[in-house]
Amino acid sequence: MKSESRLDLPIEYSKIEDTLISAEKILIRAVDDAKSLFHTPIVSSIKNNQITSRVMVLREFDLKDRKMRFHTDFRASKIHHYEEDSSATVIGYDPEIKIQIKLQGNMSIHYDDETTKLAWDNSTSRSKKCYSVKGGSSKEISNPEEYDIKDFKVEEGYKNFAVLVFHFNSLEFLYLKSSGHRRAIHKWNDEYDSKWLVP
Ligand SMILES: Cc1cc2nc3c(=O)[nH]c(=O)nc-3n(C[C@H](O)[C@H](O)[C@H](O)COP(=O)(O)O)c2cc1C
């Protein structure tokens, strides 16, 4: 029996490898499925020993290369955070499938290189428009209406466009089920290892 017909997920996890297979299915689907709560996970960074978090759109998930891709404004605060400390956590939970996925790793910043060019060329005009906002993300302002994007040339936003590539070395999977929760950690250090955890 399956719990989630669209994704064909198991209703029980007895083999630890199934937790990684499900996580991959969920995260690949989430890239294009705006209704998946994993389409907009929480992405955290560290600034002056404080954790800061924000929602970002997941643009790519690749388990083989253990990476996720996010798009952002090069002027955003998080760019400075990752320049100083590349540590990052990405977490999401979807109550429909009762699964939380948490990943830990490091963020690399891309600006005006092959990665950003490819990502920009594959972005829609609607997505590109955000990068034409004047002043830059997080600047303190007195009147937000002055910052509504009206007259703009879409391609000029490229100079403010950055790609964040998240390289993860652990993936934790938690499945909530009344008969017994299931929690597994997958780690890629020198070698890949996976373990069940008390949930
Ligand atoms: C649904 C949703 C999707 C978002 N997607 C992105 C995104 O893909 N990239 C991004 O930089 N900010 C995105 N944001 C805005 C961020 O959450 C955040 O407010 C902004 O990037 C400033 O964050 P920072 O000051 O920590 O850099 C999104 C917000 C929401 C609510």
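Computed from a predicted model, the values in this text were never measured in an experiment. Numbers given for residues are sequential positions, taken from 1 along each chain in its written order. Local features in a predicted model are, by the rule used here, given only for residues with pLDDT of at least 70; side-chain atom pairs are given and counted only at 80 or more, and totals for whole chains, interfaces and linings are based on all residues.

### Notes on the overall build of the protein chain
By the criteria applied, helices consist of DSSP H or I runs no shorter than four residues and strands consist of E runs no shorter than two, each listed in order from the N terminus. The helix and strand tally for the protein chain stands at four helices and eleven strands. Overall, the protein chain is about 55 × 35 × 35 Å in size when its C-alpha atoms are taken along their principal axes. Counting every position in the protein chain, which comprises 199 residues, the buried fraction comes to 24%. Exposed residues have 12 or fewer other C-beta atoms within 10 Å of their own C-beta, buried residues have 20 or more, and partly exposed residues fall in between, where C-beta atoms are placed from the backbone.

### Re the site of the ligand
The full set close to the ligand counts 15 residues, and R54, T72, A76, S77 and K78 are the nearest of them. For the shell around the ligand, the secondary-structure elements that each account for two or more residues are β4 (50–55), β6 (67–73) and α2 (77–84). No other element matches the four residues that β6 contributes to the shell around the ligand. Three categories are distinguished: nonpolar for Ala, Val, Leu, Ile, Met, Phe, Trp, Tyr, Cys and Pro, charged for Asp, Glu, Lys and Arg, and polar for the others, with Gly belonging to the last. Here the shell around the ligand is composed, by residue class, of five nonpolar, seven polar and three charged. Defining nearness, a residue is near a molecule or strand when the C-beta atom obtained from its backbone falls within 6 Å of it.

### Thoughts on the pairing of strand β10 (residues 182–188)
Pairs of strands are assigned from DSSP output, requiring at least two bridges between the strands. Taken together, the six bridges between strand β9 (residues 161–175) and β10 define a ladder with antiparallel strand orientation. Bridging across to β10, Y175 finds its partner in R182. Remark: six residues form the turn of the hairpin made by β9 and β10, two consecutive strands paired antiparallel; G180 in that turn has positive phi of roughly 155°. The loop that links β10 with its antiparallel partner strand β11 (residues 192–197) comprises three residues.

### Some thoughts on unusual backbone geometry
Positive phi outside glycine occurs at N49, with the angle close to 65°. Its place among the elements puts N49 in the loop between β3 (42–47) and β4. A count of 6 C-beta atoms within 10 Å places N49 in the exposed class. Even without glycine at this site, K98 takes up a positive phi of about 55°. Mapped onto the fold, K98 is located in the loop between β7 (87–94) and β8 (99–111). A tally of 16 C-beta atoms within 10 Å means that K98 is categorised as partly exposed.

### Thoughts on the environment of Q100
Summarising the element assignment, Q100 is placed in strand β8. With 17 C-beta atoms counted inside 10 Å, the residue Q100 sits in the partly exposed group. With C-beta atoms placed from the backbone, a contact is any residue pair whose C-beta atoms sit within 7 Å. If near-sequence neighbours (up to four positions away) are discounted, Q100 is found in contact with I91, Y93 and L174.

Bear in mind that shape data such as this cannot, by itself, settle questions of function.
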